[in-house]
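Structural overview
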Amino acid sequence: MHIALYDEEKNTGAHMLKQDQFVTPLLAWYDKNKREMVWRDRGNAYYTWISEIMLQQTRIEAAKDYFVRFTEEIPDIQSLANVPQERLLKLWEGLGYYNRAKNLQKTAKILVEEYGAELPSDYEKLLALPGIGPYTAGAIASIAYDIKVPAVDGNVLRVMMRYQASLEDITKISVRRRVEGELTEVMPERPGDFNQAIMELGALICLPNHPPLCTQCPLRQECKAYAHGIQNELPIKAGKKERRIEAYTVLVCVCDRKMALMQRPAKGLLANLYGFAMQEGKLTS
């Protein structure tokens, strides 16, 4: 109902970002409230890269232990390029989406060959590497190298849509690009902290799937969604596609207290991983 009334007012939600109303209070809040993380404030591009890839599909609390184990055994890009893939996937076990780990190693080999085993301090060059999209490139460039580029993830989009009371669909590339452009215009001298501050606000205050903690938000005085009482109804997101369900029969072969495992094909479901034999379809005998 609130959204409908707001829409009827034909308020587009356009809300310019200003240094004194957005950037300054946000950074002040971040300096007092940012969480301690094993990869944060280290000035280490490799740590930023590994942590951001892990966090794409993993909660921060769960990723911390994985990050420590991973970087203790694979402390730098040269080590990542040389580690046997089976060991790499074992260290990644439990994080899922194993192509992320494979792309890490693919990129590491390129970095060894072309960049002296270092991540380039250039946004466009980062963006050209396997497994690194606009968000990850922005995170590495801004956090590790103080380059003034945005890093727009789901947290950032949620904060921005609520702050601007925008009824746009956040799954649209055009919306992401608009947000990136507006953040670039107000990017301060602390680009890494600024990007992390918006993400942190989205994770701790401007919550997903829960009512945001507006009374604790440093931006509430200028937040248009809060002013119109529609913060719980934003952001707008197109419906997800229905999941495709595939049926498999798992074959557990046991002999003399030993179990047979097989390596899966290089492409497709669980590519290259070891597991029980699987047969497509539901077998009854």
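Here, the structure is the one placed above.
Read on for an overview of the structure. Computed from a predicted structure; not experimentally measured.

As for the packing of helix H9 (residues 134-145) against helix H12 (residues 191-204)
Following both chains from N to C, one finds H9 and H12 inclined at 130°, their axes separated by 7 Å at the closest point. The angle between H9 and H12 places the two elements in the oblique class. Of the two possible hands of crossing, H9 and H12 adopt the one that is left-handed. Judged by residue contacts, Tyr-135, Gly-138, Ser-142 and Ile-143 of H9 engage Pro-191, Gly-192, Asn-195, Gln-196 and Met-199 from H12. The class makeup of the residues in the contact of H9 with H12 is four nonpolar, five polar and no charged.

So, the state of the cysteines
Summed over all chains, the structure comprises zero disulfides. Here Cys-214 stays unpaired: no disulfide links it, and the sulfur of Cys-223, its closest cysteine neighbor, is 6.2 Å away. Residue classification places Cys-214 among the buried positions, given a relative accessible area of 14%. The thiol sulfur of Cys-255 is not disulfide-bonded, and the nearest other cysteine sulfur, from Cys-253, lies at 9.8 Å.

What counts and how
- All residue numbers refer to positions counted from 1 along the written sequence of the respective chain.
- Where local features are concerned, this predicted model is filtered to residues with pLDDT of at least 70; where side-chain atom pairs are given and counted, the filter is 80 or more; whole-chain, interface and lining totals use all residues.
- Remark: hydrogens and water are excluded; side-chain values derive from all non-hydrogen atoms of the structure.
- Structural elements are reduced to axes, namely lines fitted to C-alpha atoms, with helices fitted over the stretch in contact, and the angle between N-to-C directions of any two is expressed from 0 to 180 degrees.
- A helix here means a DSSP run of H or I that spans at least four residues, while a strand means a run of E at least two residues long, and both kinds are numbered starting from the N terminus.
- Between 65 and 115 degrees an angle is taken as roughly perpendicular, under 35 as roughly parallel, over 145 as roughly antiparallel, and anywhere else as oblique.
- Two helices crossing with the near one rotated counterclockwise from the far one by less than a right angle form a left-handed crossing, whereas a clockwise rotation gives a right-handed crossing.
- Contacts between residues were defined by any pair of non-hydrogen atoms, one from each residue, lying within 4.5 Å.
- Residues are grouped as follows: Ala, Val, Leu, Ile, Met, Phe, Trp, Tyr, Cys and Pro are nonpolar; Asp, Glu, Lys and Arg are charged; every other residue, Gly included, is polar.
- Pairs of cysteine sulfur atoms within 2.5 Å are what we label disulfides.
- When a residue's accessible area, from a 1.4 Å probe over protein chains only, is under 20% of the maximum for its type it is buried; when over 50% it is exposed; and in between it is partly exposed.

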